[in-house]
Amino acid sequence: MPDTPIETPQSGRYPPDMESRVTVLEHLARATFETLERMERASERRFEAMDRRFDAIDGRFAAIDGRFAAFDARFEGVERRLEAISTEYHADFRWLLGVMLASWASVMGVLGGILAVMAHGFHWF
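First, a word on scope: everything that follows refers to the structure included in this document. All values reported here derive from a predicted model rather than from experimental measurement. (Residues numbered from 1 in each chain as written. Predicted model: local features only at pLDDT ≥ 70, side-chain atom pairs only at ≥ 80, totals over all residues. Heavy atoms only, no water.)

Right, let's get into unusual backbone geometry. Despite not being glycine, histidine 123 has its phi angle at roughly 55 degrees, a positive value. You can call histidine 123 exposed: its relative accessible area is 66%. (Buried < 20%, exposed > 50% of the residue type's maximum accessible area, 1.4 Å probe, protein only.)

Turning our eyes to something else, we now look at the packing of aromatic side chains. Inspection of the entire model under this criterion finds two aromatic pairs. Relative to phenylalanine 75, the ring of phenylalanine 71 has its centre 6.5 Å away and its plane inclined at 20 degrees; by these criteria the two rings are stacked. Placement of the pair is phenylalanine 71 and phenylalanine 75 together in helix α1 (residues 16–121), with a separation of four residues, close to one helical turn. Classification of phenylalanine 71 as partly exposed rests on a relative accessible area of 48%. The class for phenylalanine 75 is partly exposed, based on a relative accessible area of 47%. Note on phenylalanine 122 and tryptophan 124: the rings are 5.5 Å apart at their centroids and 25 degrees apart in plane angle, and the pair reads as stacked. (Phe/Tyr/Trp six-rings, centres within 6.5 Å; stacked < 30°, edge-to-face > 60°. Helix = DSSP H or I, 4+ residues; strand = E, 2+ residues; numbered from the N terminus.)

Here it is as structure tokens:
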């Protein structure tokens, strides 16, 4: 079995290379903290920019909603006018139907009269 060197006892609680390791870890922790703070500030700026963009988009949607409301108002006016025209056409149709039925009745009456005169003249009755 080979000889195993025995370390000499050191002063302090930790070995001497442990202090340098702790220093490196502290430096890494500080750098990580600074990086996280920088990332957080950047993300806050990005979120604020996104909020401004969304506010601008909401304004555009409000303008579009106003346009649709104006279109709806115009459409309601057109719809009322079409209802008035439809009512007029229904009245005209009823009048025309009445005239046609009266004309048909008159023609039938005249035809019946002509047939009655013919039947009397030809002595069918």
